[in-house]
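Spelled out from the first residue to the last, the chains are:
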Amino acid sequence: MSEDGTATTSTDQTAETMSSKEKRKHKVIIVGAGMAGLSSANHLAKNGCTDFLILEGRNRVGGRIVSIDMGSQKIELGANWIHGVLGNPMFELAMQHGLISIINIPKPHKVVAATEDGKQVPFQILQEIYEAYVCFLRRCEEYFLCQYLPPPDIHSVGEHINLEVELYLDGVDCAKEKHLRKLIFDCLLKRETCITGCHSMDEIDLLELGSYTELQGGNIVLPSGYSSILKPLCDNLPNENIVLSCPVRRIHWKRKATRRAGGAAAAAAAATILEEDEEEDDGNESDDSDRTVTEVPVGAGGAEPTQEERRAGEEAARRIKSSTANVVVECENGAIYEADHVICTLPLGVLKEQAETLFVPALPQYKVESIDSLLFGTVDKIFLEYDRPFLNATISEIMLLWEQQQEEIDGEGQQPTDGRERDGQWLKDNWYKKIYSFSKVSDTLLLGWISGREAEYMETLSHEIVAERCTDILRQFLKDPFVPKPKRCVCTSWRKQPFSRGSYTAIAVGASQDDIDNIAQPLYSSPHQSKPSVMFAGEHTHANFYSTVHGAYLSGRTAAQILLTPDSPQEIVMESDSSDLSSWIQGIALD
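Owing to the predicted nature of the structure, the values given are computational and were not obtained by experimental measurement. (Residues numbered from 1 in each chain as written. Predicted model: local features only at pLDDT ≥ 70, side-chain atom pairs only at ≥ 80, totals over all residues. Heavy atoms only, no water.)

### What about the overall build of the protein?
Then step 1. Counting its secondary structure elements, the protein contains 21 helices and 20 strands.
Then step 2. Within the span of the protein, comprising 591 residues, buried residues form 55% of the whole.
Then step 3. As displayed, the protein offers around 27100 Å² of accessible surface, 51% of which is attributable to carbon and sulfur atoms. (Helix = DSSP H or I, 4+ residues; strand = E, 2+ residues; numbered from the N terminus. Buried < 20%, exposed > 50% of the residue type's maximum accessible area, 1.4 Å probe, protein only. Areas by Shrake-Rupley, 256 points an atom, 1.4 Å probe, with all protein chains shown as cover.)

### Considering the state of the cysteines
Then step 1. Per the counting criterion, the structure on display carries 0 disulfides.
Then step 2. Among the cysteines around cysteine 331, which has no disulfide bond, cysteine 246 carries the closest sulfur, lying 3.5 Å off.
Then step 3. Cysteine 331 gets classed as buried once you look at its relative accessible area, which sits at 0%. (Disulfide = S-S within 2.5 Å.)

### Some points on the sheet that holds strand β15 (residues 397-401)
Then step 1. Taken in spatial order, the 6 strands of this open sheet run β6-β15-β16-β17-β14-β18, and their pairing is mixed. Looking at which strands have only one partner, the edges of the open sheet turn out to be β6 (111-115) and β18 (488-491). Sheet twist, expressed as the average angle between the axes of neighbouring strands with direction ignored, equals 20°.
Then step 2. When strand β14 (residues 379-385) meets β18, the two strands line up antiparallel, connected through 4 bridges. Along β18, the bridge assignment pairs isoleucine 382 with cysteine 491. (Pairing = 2+ DSSP bridges. Axes fitted to C-alpha atoms, helices over the stretch in contact; angles between N-to-C directions.)

### Here's the deal with helix α5 (residues 157-170)
Then step 1. Compared with the 20 Å implied by 1.5 Å per residue over 14 residues, the 20 Å span of α5 between its first and last C-alpha is a close match.
Then step 2. Within α5, the full set of buried residues consists of Val157, Gly158, His160, Ile161, Glu164, Val165 and Leu169. One side of α5 holds all its buried residues, which, seen down the axis, span an arc of 165°. Away from the buried face of α5 by more than 90 degrees, exposed residues Glu166, Leu167 and Asp170 are located. (Expected span 1.5 Å × (residues − 1). Arc of directions from axis to C-beta.)

### Some words on the nonpolar core
Then step 1. Within the largest apolar cluster, 49 residues are counted, with the highest numbers of intra-cluster contacts made by Val157, Ile161, Ile184, Phe185, Ile204 and Leu401.
Then step 2. For this core, the elements supplying multiple residues, two or more each, are β6, α4 (123-146), α5, α6 (175-196), β14, β15, β17 (445-451) and β19 (504-506).
Then step 3. The element best represented in this core is α4, accounting for 9 residues.
Then step 4. Among the domains, domain 1 (23-100 + 222-255 + 322-378 + 501-565) and domain 2 (101-221 + 379-405 + 431-491) are the pair contributing at least three residues each to this core.
Then step 5. Beyond its immediate sequence surroundings of up to four residues, isoleucine 184 is in contact with Val121, Ile125, Leu126, Ile129 and Leu401.
Then step 6. Residues Val28, Leu38, Val61 and Leu230 belong to the second largest nonpolar core, which totals 43 residues. (Core = buried A, V, L, I, M, F, W, Y, C linked by side-chain atoms within 4.5 Å. Domains from an automatic or database assignment. Contact = heavy atoms within 4.5 Å.)

### Quick notes on unusual backbone geometry
Then step 1. In the segment running from valine 360 into proline 361, the intervening peptide bond is cis, with an omega of -5°.
Then step 2. Following the sequence through the fold, proline 361 ends up in the loop between β12 (359-360) and α13 (365-373).
Then step 3. Positive phi outside glycine occurs at serine 547, with the angle close to 75°.
Then step 4. Inspection of the secondary structure assignment puts serine 547 in the loop between β20 (534-536) and α19 (549-564).
Then step 5. Using a relative accessible area of 22% as the deciding quantity, one classes serine 547 as partly exposed.

### Describing α6
What sets the pattern is the α-helix's 3.6 residues per turn: residues three or four places apart point alike.
Then step 1. A rise of 1.5 Å per residue sets the reference length of α6, with its 22 residues, at 32 Å; its end C-alpha atoms lie 31 Å apart and thus fit the reference within 8%.
Then step 2. Note on α6: the residue one or two positions beyond its end, glycine 197, has a positive phi of about 90°.

### Side note on the packing of aromatic side chains
Then step 1. The final tally for this structure, using the stated rule, is 11 aromatic pairs.
Then step 2. Each ring, one from tryptophan 81 and one from tryptophan 449, has its centre 5.9 Å from the other, and the planes form 10°; the classification is stacked. With tryptophan 81 in the loop between β4 (73-76) and β5 (82-83) and tryptophan 449 in strand β17, this pair connects stretches of sequence that are 368 residues apart.
Then step 3. Judged by relative accessible area, which is 11%, tryptophan 449 ranks as buried.
Then step 4. Here the aromatic rings of tryptophan 431 and tyrosine 432 are separated by 5.8 Å at their centres, their planes lie at 90°, and the arrangement is edge-to-face. Across this residue pair, the class does not change: tryptophan 431 and tyrosine 432 are buried.
Then step 5. Through pairs of rings, three or more aromatic residues link up here, namely Trp402, Trp431, Tyr432 and Phe477.
Then step 6. A cation over a ring is seen here: arginine 469 above tyrosine 432, with NZ or CZ 4.1 Å from the ring centre. (Phe/Tyr/Trp six-rings, centres within 6.5 Å; stacked < 30°, edge-to-face > 60°. Lys NZ or Arg CZ within 6 Å of the ring centre and 35° of its normal.)

Now the structure itself:
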């Protein structure tokens, strides 16, 4: 079938059918139809600009928002909640389209915690430790908010919380009581890795934890599934403006190879000009030579490009040299599109993997370094569906208090460089101990969360193996050998997915908000250009709302707004996110 749905009988016909679309030049090409891409397109369309095209690698829109039916339930494989109410454009959009009830009555939430031998922890101990833990976490956030200096040699959130835990437990005399409390703290830290999106809280920069702005109002679930919010966004977009199953291979953007003064960013950009460009450059030519385009290896792992790939590269080179457009986008299927502007909304995980070959000429060095510095962790979900309820009706979640593993105690769980085999064996034996709890989605549906390298290992297992292991865990912790096997198990695999390569962004030790700003920085073809050639959007480009859907939405809208704003100094446009959502401005006011 061709893109317009008509059947074709030969590859020649397919190419012919596509060529009419290929020849089209667009004002804006948006790479990716996740929330940032849809938000950009929606904002352009609402403001009368319909000369845009969205290129999406998957065969659906929504990116990391995907809801499926499981039993009578809608379950979220990706984004789960609308985080906060006040000033959250997702909440406002959901309200506007009747996707949410104004009266949101929270369900009673009774959590029990059990040890490996099936003993339940008294609730008051659980409450006491939870309150202490929240207090420790808030203290970590204060370093960013109040510009305090942390204790010497404490650089991560994990190190700081463990120091606080140690001091707290020093006040507990009974060894048994101390040990139990330590297990609860460990469980809460595992939970935090799923919230933050990392393997261990030791990876998260202490001074940057408070950079994430939490909107007031708690977490809201959409009864019809988070995917239902995609419809109002797509309703404004003409069908022909979205091309699905069309991964982008390369983004060729024109850049004048002039040696110009202009601060650190300009110097970094100049430093990235490829060697062959410098040899051939006479000072007047653009650095997009045929050689630049065709000699960048297209095959994985630097393999020699195939004849077809070489031909596609040469065609793209010819197109960009003869094109009046600022950007030429080359797709995996051979399609070539031209545009004045590109909004790249590829997730940080994809940029980490492809940034060095995706852009021609290469991205400025400061951008590459920031992409490398930030963390893009893996967080996966395990859904277990049962024929009948078996968990006590009053219990909504069971926390699993695993004994600490020897690897963790020795600090050897950090991927030893000389013992990958041993580390692999350790993961094989212990991966499931990273599941910190099972919570009820409904009476017959349980959800477990898992993060980091253990989540990546789980993605290599069959759903049957995961279901069996989870059954063993529930039988052990509930002290009930008759816990049934689930009739269905669904596990996510965000690390394995080629168009996400992980779950969401976090600020690693040594990284900062500046890295997010660096990635968001637009690219200009020349210093005199009034509008950028390449722009970046997505949750990883929002310095306060990274890791959230509303962060992605706002970044996409901002990118579109820059292109819509009449020519004016860029600083003014970047600062003002003009919108009717005045409450959003109030929501992020920090002073």
